[in-house]
Amino acid sequence: MGKTVLISGGGIAGPALAFWLRRGGFVPTVVEVAKGPRPGGQTVDLRGVSKVVAERMGLLPAIEQRQLHERGFEYVREDGRRTAAMPMELFDGAGPVAEIEILRGDLAEILADATPDVEYLYGDSITQLDQDATGVQVTFASGTQRRFDLVVGADGVHSRVRRLAFGPHEQFVQHLGGYSSYFTVEAPEDLNHWMKVYTAPGGLWVGLRPDHDPRFAKALLSFRSPVIDYDYRDVAAQKQILQTRFSGLGWHTQHLLNALPDAQDFYFDSTSRVAVPEWSQGRIALVGDAGYCGSPLAGHGTALALVGAYVLASELQQADHTRAFPAYQRRMQPYVDQRMELPPGGIKMAMPMTALGIKYRDTTTRLMTSKPFVGLTSKLMIGKPDAIDLPRLGGPLRVPAEKTE
Ligand SMILES: Cc1cc2nc3c(=O)[nH]c(=O)nc-3n(C[C@H](O)[C@H](O)[C@H](O)COP(=O)(O)OP(=O)(O)OC[C@H]3O[C@@H](n4cnc5c(N)ncnc54)[C@H](O)[C@@H]3O)c2cc1C
């Protein structure tokens, strides 16, 4: 029997870590608070090293099958007319719409399918962690107790593992001034493969993104706001917040609000940044959003989760946790720092508060995508290569023969 590892969180980082640990001879168990793989979310993109990791996992064929072929991103007015656009090909997939875009729910499902040999405990969560020299005693909400060699928190921005073993939420999570919600609606118009966003004064975004099935669309409601006091597990309260904020707005807003009460794949969260100085405490470590997250504004959460899981598994393959956990952080930190950087202007530029601000943003976007400037914009978007040398990190992971590059 290999070492046992309990992973809290069955989103992206959790199953990715379980995948690699299983192949390295460990015995991973994933505990996920939801009743099954969580659907929902908009598209997430795979570029650079995260695409290499997906390729090494043998997932690219499944990902490409479910890939959304988006044509680009456009801002629209309340009557639906385009005010500015960023076509995908203009930036060769390096702009806001990447070469590989996949629905987050699809990726979660692909990862769950890729780990049939992993034990998943759905509908449960950790309530207590007691570690000693030889292992971690874990108490679950269901009342059961089990012992594991190691525990990894892959349970997202509101990580329970981080709270139990590292410190309170507020110590590590910084609110960046906004909230976002995603859910599926019947498409109110033919999106023709474009992501469309209507911005209303007050820092309000109403968006639609294509689904596989053109009869449906992925809705987005985002707004700027200081911290709101609400229960992050109370879905009804979250839906009410949106009804109040977005009531009376134009374009397809009312259609989205009408769909809200019955939305099954509803997701709502704050735009937050997570920074934990030390990613491990003894036998317990963090991976993905639980330990490092630049927020959807920075836009690399899935990449960091996939690469973080790969690097952590790689280090655990080569040394025991006392050396592997710090080595994982040393190797990942420069890449994490790089990809947690916010785009210039941050939330203020993307979601202006005034009509004048919206006009300024749209004019700037048109200018950036105009012939004289598109080369320069493209260079800025492509940015620097990923600050991690992934091939050297692969180490001796026992990748199945058919899944190597
Ligand atoms: C439903 C959903 C939709 C999302 N949609 C988008 C999107 O459209 N755009 C975007 O940029 N980012 C989105 N995100 C966040 C994005 O998935 C992450 O930023 C990124 O992929 C890193 O993944 P992660 O595995 O670290 O965290 P996550 O993907 O957030 O996964 C964390 C998992 O842990 C589970 N969990 C939480 N608390 C506990 C607990 N106490 N015990 C056990 N399990 C727990 C959650 O249910 C979730 O499945 C979404 C997340 C979720 C959960």
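Residues numbered from 1 in each chain as written. Predicted model: local features only at pLDDT ≥ 70, side-chain atom pairs only at ≥ 80, totals over all residues. Heavy atoms only, no water.

Caption draft 1: How the structure looks around the site of the ligand. Residues in contact with the ligand amount to 27 residues; listed here are only the nearest, Ala-13, Glu-32, Gln-42, Arg-104 and Asp-289. Between the ligand and Asp-289 there is a distance of 2.6 Å, counted from an oxygen atom to a side-chain nitrogen or oxygen. Here an oxygen atom of the ligand sits 3.1 Å away from a polar atom, N or O, in the side chain of Thr-302. For the ligand, the accessible surface in isolation is 920 Å², of which the surrounding protein chains cover 91%. Elements supplying a minimum of two residues to the shell around the ligand: β2 (27-32) and α9 (301-318). With three residues, α9 is the single largest residue contributor to the shell around the ligand. The residue makeup of the shell around the ligand, split by class, is nine nonpolar, twelve polar and six charged. (Near = heavy atom within 4 Å. Polar contact = N/O pair within 3.5 Å; in protein donor to acceptor, adjacent residues only side chain to side chain. Areas by Shrake-Rupley, 256 points an atom, 1.4 Å probe, with all protein chains shown as cover. Helix = DSSP H or I, 4+ residues; strand = E, 2+ residues; numbered from the N terminus. Nonpolar A, V, L, I, M, F, W, Y, C, P; charged D, E, K, R; others polar.)

Caption draft 2: How the structure looks around the packing of helix α2 (residues 48-56) against α9. Where α2 contacts α9, the two axes come as close as 9 Å, and the packing angle between them is 55°. In terms of their interaxial angle, α2 and α9 are classed as oblique. Considering only the axes of α2 and α9, their crossing is left-handed. In contact with Val-49, Ser-50, Val-53 and Arg-56 of α2, α9 contributes Ala-303, Leu-306, Val-307 and Tyr-310. Grouping the amino acids of the contact of α2 with α9 by side-chain chemistry returns six nonpolar, one polar and one charged. (Axes fitted to C-alpha atoms, helices over the stretch in contact; angles between N-to-C directions. Parallel < 35°, antiparallel > 145°, perpendicular 65-115°, else oblique. Left-handed = near helix turned anticlockwise from the far one by under 90°. Contact = heavy atoms within 4.5 Å.)

Caption draft 3: Region of the structure containing the sheet that holds strand β14 (residues 204-210). The strand order across the open sheet formed by eight strands is β5-β4-β13-β14-β15-β12-β16-β19, and the pairing between neighbours is mixed. Both outer strands of the open sheet, β5 (82-87) and β19 (292-293), are each paired with one neighbouring strand and no more. Where β14 meets strand β15 (residues 216-224), seven bridges bridge the pair, whose relative direction is antiparallel. Counterpart to Leu-208 in the pairing with β15 is Ala-219. Relative to β5, helix α12 (residues 355-368) is tilted by about 40°, and along the sheet it contacts β4 (72-76), β5, β13 (194-200) and β14. (Pairing = 2+ DSSP bridges.)

Caption draft 4: Fine view of the pattern of salt bridges. Here the structure, examined in full by the defined rule, presents 19 salt bridges. Linking Asp-231 and Arg-233 is a salt bridge whose minimum nitrogen-to-oxygen distance equals 3.5 Å. On the accessibility criterion, Arg-233 (58% relative accessible area) is exposed. A single salt-bridge network, built from bridges that share partners, covers Glu-74, Arg-82, Glu-189 and Lys-196. (Salt bridge = Lys/Arg side-chain N within 4 Å of Asp/Glu carboxyl O. Buried < 20%, exposed > 50% of the residue type's maximum accessible area, 1.4 Å probe, protein only.)

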